[in-house]
Each structure stands twice: as structure tokens, then as C-alpha cells.
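What follows is the residue order along each chain.
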Amino acid sequence: MPRPLIVAIDGPAGAGKSTVSKILARRLDFTLVDTGAIYRCVALKARRQGLALDDDARLEQLLGTLDVSFHVEEEVNHVFLEGEDVSEAIRTPENSLAASQVSSRPVVRAHLLDLQRRLALHAQHGAILEGRDIGTVVFPDADVKVFLFANPEIRARRRYEELFEKGHEKPIDQVLSEQNRRDREDSEREVAPLKPAADAVQLDSTDLPLSEVVQRIEDLVQSRRRG
Ligand code: DC
């Protein structure tokens, strides 16, 4: 069987990866693999077990029995951890911070490589993987690679509005400083830091409407399909 077409979308938090990937996956009928959600599930499981987030031996045990799956329902990509819908629980501020911490552990990254690849290679038509190191580490030979970014203030404003809509009001300065901290941790870690792949198409979404970002990536996919 030929390998499904692999689309890697990397970039910092708030650049629009999730929204863009969801729309594209629906348009192209591709499988969506939200790799950040997998790191978030590891963090949630570790927190529920009361583990120290740098206890590699216990993390390794936990990873051995990790069961994460996705199910799209009414246009929402639900995330299941051991059969429980944890879509909301993995996105709390506490869990976001914990996800960033566990994602810096080499043992966690190594273990999740195989899972991310398997989820994508099982796709029927193609797979869109969104994350930080898809084009550099998970699929260095991806068919399409995009690095999506935007200036930090715009990204913080988008996050602020998203939180506000969910009823969680937080000063924008605090959103920005938490985001800066996560950006720093993601970019400075030793293993698989956030950086564009040398052959990625870099897209700045600061002043681009969502529809335009989606269209540009879809054009890349279509031109790749035409060979
Ligand atoms: O995209 P996100 O905010 O849901 O990701 C959660 C955390 O996981 C974030 O701190 C970055 C990390 N992550 C990573 O290190 N590598 C990935 N491929 C995806 C996410």
C-alpha cells in the first residue's frame, strides 16, 4: 500500500495551527493528528497519578500503558485517554504547563515518536500532523511542511479571546507572559526544539485571514498531489 500523503504543520502556540489543521483535514478528508494533545494526555495521566514530571522511570512506566485516541464528532476533534473524553481536561492552564514540562523529557519524546507515526500511517487518504517537531523529527520526509507563526502579541490576543469565550478571563499581560515562557521552553529544550525545518514553507499569519492561510496550505497539498 502506498504511504498516505503526510502534511506537517509546526509552529508556536497561537499561530492558528489547530484551527487551520481542522479545516484542512475536513476539506481534504485527511486524518488529523493533534500531537500536542498527546503530550497533554501524558501530562494529565502523570498529574492524576501524582508523579513528579521529571521522574523518567515512572514516566516510562506510564507511557507503556498509554492509550490515546481521537474521534471527530460534529466537527470537534475529541481526545480520549483510556476511553475517557479528556478534550477539556487536557487544556486547563495547569495541564498546559505540565504538558510543556513532560514534553522536554527525552524519554517521553522518544516513546511518542512511534505512536505519532502509527496514527498518521494508518490514515486512509492522508494525514495532517500539527505540532512542534513534525517536519524536523517525526516526519522529516513529509510531503508538505509548513511552519506557521505570528507575532507574540497577536498570538496572545487570540488566546485571550479564546479563554474569554470559554468564560475564563485573564489579563492579557499574563497570557502574554505565560506564552513567552512556553515559547522559551519549547524553543530552548535540547531534544527536538521548536524550529522550522530547513525545507518548510514559512507562513506568517499575523496579518493573513484564516481563509487565506488554509488556501495557501491547500494549494501546497494539491500541487504536491499533482507531483
Ligand atoms: O500544541 P499544544 O499547545 O497543544 O502542545 C502542548 C505542549 O506540547 C506544548 O508545550 C508543546 C508540546 N509539544 C511538543 O513538544 N511537540 C509537539 N509535536 C507537540 C506539542
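The text that follows walks through the structure, step by step, so that each part is easy to find. (Residues numbered from 1 in each chain as written. Predicted model: local features only at pLDDT ≥ 70, side-chain atom pairs only at ≥ 80, totals over all residues. Heavy atoms only, no water.)

1. Some details on the nonpolar core
Here is step 1: Formed by 38 residues in total, the largest nonpolar core has its most connected members in Val42, Leu66, Val79, Val108, Leu112 and Leu129.
Here is step 2: Among the elements that make up this core, the one with the highest residue count is helix 2 (residues 35–48) (eight residues).
Here is step 3: Setting aside residues up to four positions removed in sequence, Leu129 forms contacts with Ile6, Val7, Ala8, Ile9, Val33, Thr35, Gln116, Ala120, Ile134 and Phe139. (Core = buried A, V, L, I, M, F, W, Y, C linked by side-chain atoms within 4.5 Å. Buried < 20%, exposed > 50% of the residue type's maximum accessible area, 1.4 Å probe, protein only. Helix = DSSP H or I, 4+ residues; strand = E, 2+ residues; numbered from the N terminus. Contact = heavy atoms within 4.5 Å.)

2. Considering helix 2
Here is step 1: Over its 14 residues, helix 2 extends 20 Å from the first C-alpha to the last, a length consistent with the 20 Å expected when each residue adds 1.5 Å.
Here is step 2: Counted residue by residue, helix 2 has eleven buried out of 14 residues, so it is predominantly covered.
Here is step 3: Those residues of helix 2 lying buried are Thr35, Ala37, Ile38, Tyr39, Arg40, Cys41, Val42, Ala43, Leu44, Lys45 and Ala46.
Here is step 4: The backbone nitrogen of Gly36 has a side-chain oxygen 3.3 Å away, supplied by the residue at the start of helix 2, namely Asp34.
Here is step 5: Residue Gly50 follows helix 2 closely and has a positive phi angle near 70°. (Expected span 1.5 Å × (residues − 1). Polar contact = N/O pair within 3.5 Å; in protein donor to acceptor, adjacent residues only side chain to side chain.)

3. Regarding the packing of helix 2 against helix 4 (residues 93–102)
Here is step 1: At a minimum axis separation of 8 Å, helix 2 and helix 4 run at an interaxial angle of 105°. As summarised for this structure, helix 2 and helix 4 are arranged roughly perpendicular, according to the angle between their axes. When helix 2 is examined against helix 4, the residues Tyr39, Arg40, Val42, Ala43, Leu44 and Arg47 are found in contact with a partner set consisting of Glu94, Asn95, Ser96, Ala98, Ala99 and Val102. (Axes fitted to C-alpha atoms, helices over the stretch in contact; angles between N-to-C directions. Parallel < 35°, antiparallel > 145°, perpendicular 65-115°, else oblique.)

4. Brief notes about the environment of Ala46
Here is step 1: Along the polypeptide, Ala46 turns up in helix 2.
Here is step 2: Exposure remark for Ala46: the relative accessible area of 0% places this residue in the buried category.
Here is step 3: For the pair Ala46 and Leu129, spaced 83 residues apart in sequence, the C-alpha to C-alpha distance is 24 Å.
Here is step 4: Residue contacts for Ala46: discarding those within four places in its chain leaves Leu51, Leu53, Leu59 and Leu62.

5. Concerning the packing of aromatic side chains
Here is step 1: Overall, the coordinates contain two aromatic pairs when judged by the stated rule.
Here is step 2: When the centroid spacing of 6.4 Å and the interplanar angle of 35° are considered together, the rings of Phe147 and Phe149 count as tilted. (Phe/Tyr/Trp six-rings, centres within 6.5 Å; stacked < 30°, edge-to-face > 60°.)

6. Notes on the sheet that holds strand 5 (residues 84–85)
Remark on secondary structure: sheet strands pair via backbone hydrogen bonds, oriented parallel or antiparallel.
Here is step 1: With respect to topology, three strands assemble into an open sheet ordered 3-4-5, the strand pairing being antiparallel. Each of the sheet's edge strands pairs with one partner strand only, and the pair in question is strand 3 (68–73) and strand 5.
Here is step 2: Where helix 2 meets the sheet, its contacts fall on strand 3, strand 4 (76–81) and strand 5, and the angle it forms with strand 4 comes to roughly 40°. (Pairing = 2+ DSSP bridges.)

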